[in-house]
Amino acid sequence: MATLLRKSRALQLLGLMFPGGFWMVVFFLLPLLFIVVLSFLDNERLFTLEGYQRVFDPLYIGIFLQSIWISLLTTIISLLISFPVALFMARLPKGWRDIALFAVMIPFWTNFLVRTYALQFLMRNQGPINLLLQWIGLIDEPLSMLNTPAAVMVGLIYGNLPFMILPVYTSLEKFDWTLLEAAQDLGASAWPAFFRVMLPLTAPGLLSGSILTFVPAIGSYVTAELMGGGKATMIGRVIAGQFEQAQNWTFGSAMSLILMVIVTIFALIYFRLGRGERVAL
Amino acid sequence: MKSDFAIELVDVVKRFGTVAAVDHVSMQIRPREFFALLGPSGCGKTTCLRMIAGFEQPSSGQLLLQGKPLGDIPAFKRNVNTVFQSYALFPHMTVAQNVAFGLEMKGVGRDEIRRRVADALDLVRLPQMADRYPKQMSGGQQQRVALARALVNKPEVLLLDEPLGALDYKLRKEMQIELKQMQQQLGITFIFVTHDQEEALTMSDRICVMSTGHALQVGTPLEIYERPNCKFVADFIGETNFLPGVVTEISGEYATVNVADMSLVGRLGEGVTLGASAWLSVRPEKMQLVDEARANPSALNTNSVTIDSVAYVGSDTRVVVHLGGQRLDVWDENNISTLDPNFYFRAGERASLSFPADNALVLVK
Amino acid sequence: MAQLVSASSSAPANVAGESRARVSAGRLVLTTITAATFAFLYVPIFVLIIFSFNQAKSGATWTGFTTEWYAKMFANEDLIEAALNSLLVGTISTLVAVVLGTLLALAMERYSFKGKAFWDGLLYMPVIIPEIVAGVSLLLFFAFIGLERGFPTLLAAHVAFTTPFVYLTVRARLADFDRSVEEAAMDLGADEWHTFWRITLPLLMPGVVSGALLAFTLSMDDFIISNFVKGVGWNTLPVYVWPQLKRAVSPEINAASTMLLLFSIFIVVLSLVLQRRQSRI
Ligand SMILES: Nc1ncnc2c1ncn2[C@@H]1O[C@H](COP(=O)(O)OP(=O)(O)OP(=O)(O)O)[C@@H](O)[C@H]1O
Ligand SMILES: [Mg+2]
């Protein structure tokens, strides 16, 4: 038995791959294929294109576009915030750097629901911000900060920022600063040195962070629900609605499939740009 | 039947894809021998060692350990141990745990393990380091741990893959002497991979010079240096001048080569035939430069040359001369006459260059 | 940015003053952005913690200090049960995911076989597929094969979405693995079995531990997928608190959130301690 196992790489491979492979096929891949099939079947399990016809209703097209737009903007703003923060962290002395890293790690590991709820609590009409502003006398009436696309975006940025900062920080920490000196030695001034040397070399981290922000943003449900309420709707909420209240599985499946396609397109762009590098966690 | 050899390679070939990393290599390594595999980077030295250790299987041919075919016996059942080039110490174990590992695997008792580990660490002069982790040690110390870890198992053959490669020059020299002493004291066969010819020459009983997967020559350091069997070996070991020419006469152990209308005589190398083109190889330290006035121009291998440059390099003075359109290096050991610029040759002057026939070698082209 | 880039250049003496001014200006900008970002990340959390001690039943007016909500929370049997459920699912699914993920990592990193690209993609998909889609697909799948939703379906789902994260973490570690130590072990007489347990696994352990912590946190945090696959009466903590977060009727939920937060901090500290211990080797 032992010698058989030693001789046969195929057998070894089977033993290693089978348990996890089986699990992933049955409880991940197969269900996704179900979505594909179901999006073409109506309640009587007959072929239909109704689900897709409804997706092209201007109402839903609008929601899709809004979701993509909000997610892209979220990703870009997060990137613009994260880069200076990560840069600052990477340039700190060792002890302080560890503390700063710890400070990013805590929200990273903290329950997403709780954090989003905390932000929503803060921004409510009767929440601490409004009360504070009223107390100072800056405003008379409470500002209505929730239930807008902007609120959703703030929520998404808040929720996903640690997932952007960490990979960007990791790539900046590995960055060899003498390369910048080398670039300047070769006559590049600050901005060209940044764009030609620093940016390409830290790109994998920026891309990882972007995909780790974009995917949860476009599929967001919790944030959309808590920050957007009934007013600002994202695809995630529409999909969930089809399986909870509306019970229109055909339409829900069609929407899910289209969401998957959108995400896949962005992931492919990401792999192109990143030359296939994997998201580092 | 007990074999005369510790290790034998019989027509061994190892292919990676289409590349033959080791190409029909045969060699015999004697018991208690310090055997060096010497050759440029990528010539297949490591691959040879890995086949002996059992990490690679030969594509064809056979390996014998004390006359018994190794076949596909796995690495952990071969009584052969390796000192890895990168040491490959277990980073999560202390020095003592590293050294004890092999004995534990053999099921040696606790007390004996403790004793033998202590002995091994004494041998490599690291007894006080037993509880350190590899990370906490210098490169030289790690190297000794790797040595102790292998030697503690009393292998029949110890394989060392450029074990001194990562050490600085001085430490390297020290370790060379220590390794050699240890090998003589323990009486274990060492197969030692290096691409440093000086290291191979000073340490080994015999050397195998390899190039692109072939074993070109096996011999004692003296044979390899004085009697290289081909241009590659002559070139790789030490410095040599090569003069191209045609063999015009062969008599006994000597051959005459016509080099640019000069007839030069050297010892006859392997496979040299009359009328074929050949190399006349002379080492720079084996030629003499004398004043033209004092030379006998009709003597054997004596020719007039032009001095091109003269450089002082500590122990020698290195002179470049022109001989019939060829540049030759000539090294003169420094003494009173070479050090006085008033008496020594200057660039542009003429001089007479000569060497005995025994100091030159005629090699096939 | 440009200022900071030039910070590393050694300017000639005559422009040193100007350059130093630019450097400190750049520093100031970076420090400000970083401080603002950390405030953004932490203020909501601190406000939430503070208000979990507020007497007022609703709104953000401070009426006095109390620990009443904590007492109430611990007396809430449904909540305690949900928390225990979460721990149970988190623990079991982590154990399974660690085994499956590690085996997969070994297979994918050390063997070449036909169809490897497929598995590469499949095992990466959970990072890219939005949770909402994964949740919906599992709901459909379980409904179609007629499997009643409950603890087993929850567990199956959690293992499926955590395994790839363990796999990615362990595989990253395995990619940096110096295989010559394994050869050294074999050379010293260890067979494959001993080599794995004495050398490979201990050296892989940091990766396995981070993978496990990640899996556990993901499982504890998960709301969307759990909400779709849990059975009636089988609540995990996030699923249980969700409706109450949305309505935000009682400050008790602030107390519960604070507890979850403390738990996350505990996990971060634990992971850092473990990493410290490992990095000594
Ligand atoms: N696992 C492998 N797969 C493919 N080619 C290999 C492998 N191992 C070695 N080779 C090739 O075989 C040849 C010989 O390699 P080897 O490592 O034996 O050289 P070497 O003499 O030890 O060189 P160095 O002095 O640089 O260590 C090289 O061309 C190398 O690229
Ligand atoms: Mg080598």
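Residues numbered from 1 in each chain as written. Chains lettered and ligands numbered in written order. Predicted model: local features only at pLDDT ≥ 70, side-chain atom pairs only at ≥ 80, totals over all residues. Heavy atoms only, no water.

### Focus: the overall build of chain A
The helix and strand tally for chain A stands at 13 helices and 0 strands. Counting helices and strands in the order they occur from the N terminus, chain A gives α-α-α-α-α-α-α-α-α-α-α-α-α. At 24 Å, chain A has a C-alpha radius of gyration far larger than the 19 Å of a compact globule built from 281 residues. The dimensions of chain A, computed from C-alpha atoms along their principal axes, are 80 × 70 × 35 Å. Relative to its full complement of 281 residues, chain A shows a buried share of 54%. For chain A, restricting intrachain contacts to residue pairs at least 6 apart in sequence, the fraction spanning at least 24 positions comes to 67%. Accessible surface for chain A amounts to roughly 13000 Å². Of this, 69% is attributable to carbon and sulfur atoms. On chain A, the mean spot of the 17 positive side-chain charges and the mean spot of the 14 negative ones are 13 Å from each other. (Helix = DSSP H or I, 4+ residues; strand = E, 2+ residues; numbered from the N terminus. Rg over C-alpha atoms; globule rule 2.2 N^0.38 Å. Buried < 20%, exposed > 50% of the residue type's maximum accessible area, 1.4 Å probe, protein only. Contact = heavy atoms within 4.5 Å. Areas by Shrake-Rupley, 256 points an atom, 1.4 Å probe, with all protein chains shown as cover. Lys, Arg positive; Asp, Glu negative; His and termini not counted. Charge placed at Lys NZ, Arg CZ, Asp CG, Glu CD.)

### Quick look at the overall build of chain C
Helix and strand counts for chain C stand at 12 helices and 0 strands. When burial is assessed residue by residue, chain C has 55% of its 281 residues classed as buried.

### Let's talk about helix α6 (residues 131–144) of chain C
Count 3.6 residues to each turn of an α-helix, and residues three or four apart come out pointing the same way. Residues and elements named next belong to chain C. For α6, spanning 14 residues, the distance from its first C-alpha to its last is 20 Å, which sits close to the expected 20 Å at 1.5 Å a residue. For α6, the complete set of buried residues consists of I132, V133, A134, G135, V136, S137, L138, L139, L140, F141 and F142. Immediately beyond the C-terminal end of α6, within one or two residues, lies G146, with a positive phi of roughly 70°. (Expected span 1.5 Å × (residues − 1).)

### Focus: the packing of aromatic side chains
If you walk through the whole model with that rule in mind, you get 38 aromatic pairs over all chains. Seen from their ring centres, Y158 of chain A and F40 of chain C are 5.2 Å apart, and the 70° between their planes marks the pair as edge-to-face. One end of the pair, Y158 of chain A, is in helix α8 (residues 149–174); the other, F40 of chain C, is in helix α2 (residues 13–51), on a second chain. Looking at F40 of chain C, the relative accessible area reads 26%, which means it is partly exposed. Consider the rings of F243 of chain A and W249 of chain A, whose centres lie 6.0 Å apart with planes at 35°: the pair is tilted. (Phe/Tyr/Trp six-rings, centres within 6.5 Å; stacked < 30°, edge-to-face > 60°.)

### Overview of the sheet that holds strand β8 (residues 189–194) of chain B
All names here are of chain B. Overall, mixed pairing links the 6 strands, which are arranged β6-β7-β8-β3-β9-β10 in an open sheet. In this open sheet, the two edge strands, each paired with only one partner strand, are β6 (80–83) and β10 (214–219). Put simply, the sheet's adjacent strands are angled 20° from each other on average, direction ignored. Bridging between β6 and strand β7 (residues 157–161) involves 4 bridges; their strand directions are parallel. Along β7, the bridge assignment pairs V80 with V157. (Pairing = 2+ DSSP bridges. Axes fitted to C-alpha atoms, helices over the stretch in contact; angles between N-to-C directions.)

### Some remarks on the packing of helix α4 (residues 58–90) of chain A against helix α13 (residues 249–273) of chain A
All names here are of chain A. In the contact formed by α4 and α13, the axes pass within 12 Å of each other and the chain directions differ by 35°. The way α4 lies across α13 gives a crossing that is right-handed. Contacts between α4 and α13 involve Y60, F64, I68 and L72 on the former and, on the latter, F251, M255, I258, L259, I262 and F266. Grouping the constituent residues of the contact of α4 with α13 by class yields 10 nonpolar, no polar and no charged. (Left-handed = near helix turned anticlockwise from the far one by under 90°. Nonpolar A, V, L, I, M, F, W, Y, C, P; charged D, E, K, R; others polar.)

### Observations regarding the domain arrangement of chain A
All names here are of chain A. Splitting chain A by domain gives domain 1 (17–48) and domain 2 (54–273). Between the C-alpha centres of domain 1 and domain 2 there is a distance of 30 Å. Listed as interface residues are 8 residues of domain 1 and, on the opposing side, 6 residues of domain 2. Taken together, the connections running from domain 1 to domain 2 amount to 1 residue pair in polar contact (both at pLDDT 80 or more). Partitioning the side of domain 1 that touches domain 2 into residue classes produces 5 nonpolar, 2 polar and 1 charged. (Domains from an automatic or database assignment. Polar contact = N/O pair within 3.5 Å; in protein donor to acceptor, adjacent residues only side chain to side chain.)

### Concerning the domain arrangement of chain C
Residue and element names in this part refer to chain C. Per the domain assignment, the segments of chain C are domain 1 (1–51) and domain 2 (68–280). At the junction of the two partners, domain 1 supplies 4 residues and domain 2 supplies 4 residues. Here domain 1 and domain 2 share an interface that buries about 410 Å² over both sides, 71% of which is from carbon and sulfur atoms. When the buried area of domain 1 at its contact with domain 2 is split by residue, L48, I49 and F51 rank highest and sum to 85% of it. Scanning the region where domain 1 abuts domain 2 turns up 0 salt bridges. Between the two partners, domain 1 and domain 2, sit 0 residue pairs in polar contact (both at pLDDT 80 or more). Looking at the side of domain 1 that touches domain 2 residue by residue, the class counts come to 4 nonpolar, no polar and no charged. (Buried area = accessible area lost by both parts, 1.4 Å probe. Salt bridge = Lys/Arg side-chain N within 4 Å of Asp/Glu carboxyl O.)

### Examining the pairing of strand β18 (residues 326–333) of chain B
Two faces belong to every sheet, and in a regular strand the side chains alternate between them. Residues and elements named next belong to chain B. Sheet topology note: the strand β17 (residues 316–323)/β18 ladder contains 8 bridges and is antiparallel. Bridge pairing in β18 links V320 to D329. Taking the residues that link successive antiparallel strands as the turn, the β17-β18 hairpin has 2 residues, and the phi of G324 there is positive, at about 50°.

### Quick word on the interface of chain A and chain C
Contact with chain A, which involves 95 residues of that partner, is made by 97 residues of chain C. Between chain A and chain C, the buried area comes to about 8700 Å², and carbon and sulfur atoms account for 81% of it. Taken together, the links from chain A to chain C amount to 1 salt bridge. At the boundary of chain A with chain C, the tally comes to 8 residue pairs in polar contact (both at pLDDT 80 or more). The greatest single-element share of the side of chain A that touches chain C, amounting to 22 residues, is contributed by helix α2 (residues 9–38) of chain A. Split into classes, the residues belonging to the side of chain A that touches chain C amount to 71 nonpolar, 13 polar and 11 charged.

### Details of empty space enclosed by the protein
Applying the stated criterion to the full structure yields 2 cavities of 30 Å³ or more. Sorting elements by how many residues they give to the lining of the largest cavity places α6 of chain C first, with 5 residues. Class assignment for the residues of the lining of the largest cavity results in 31 nonpolar, 8 polar and 4 charged. Roughly 70 Å³ of volume is contained in the second largest cavity. For the second largest cavity, the full set of lining residues is W109 and N111 of chain A together with F216, T217, M220, D221, L260, F263, S264 and I267 of chain C. Secondary structure elements with two or more residues in the lining of the second largest cavity: α9 (192–221) and α12 (252–279) of chain C. (1 Å grid on protein atoms, 1.4 Å probe; cavity = no way out; pocket = protein on both sides within 12 Å on 5 of 7 lines; lining within 4 Å. Points joined across faces, edges and corners; volume = space filled by probe spheres on them.)

### Overview of the side chain of H92 of chain B
Among the secondary structure elements, H92 of chain B is positioned in the loop between β6 and α2 (95–106). Polar side-chain contacts of H92 of chain B include one of 2.8 Å to the backbone oxygen of R198 of chain C.

### Some points on the site of ligand 1
All names here are of chain B. Around ligand 1 sit F16, A21, S41, G42, C43, G44, K45, T46, T47, E162 and H195, and those are all the residues in its vicinity. At 2.7 Å from an oxygen atom of ligand 1 is found a main-chain nitrogen or oxygen belonging to G42. Side-chain polar atom of K45 to an oxygen atom of ligand 1: 2.8 Å apart, as the coordinates give it. Across the complex, the protein chains shield 60% of the 640 Å² of accessible surface that ligand 1 would expose by itself. Among the residues making up the shell around ligand 1, the classes are represented as 3 nonpolar, 6 polar and 2 charged. (Near = heavy atom within 4 Å.)

### Notes on helix α3 (residues 110–123) of chain B
All names here are of chain B. Along its 14 residues, α3 runs 20 Å from first to last C-alpha, staying within 8% of the 20 Å computed at 1.5 Å per residue. Those residues of α3 not exposed but buried are I113, R116, V117, A120 and L121. Viewed along the axis of α3, the buried residues span an arc of 135°, placing them on a single side of the element. With respect to the buried face of α3, the exposed residues turned more than 90 degrees away are D111 and R114. Those residues of α3 that are buried lie in contact with α2 and α4 (139–151). Just beyond α3, the residue with positive phi is R125, at close to 60°. (Arc of directions from axis to C-beta.)

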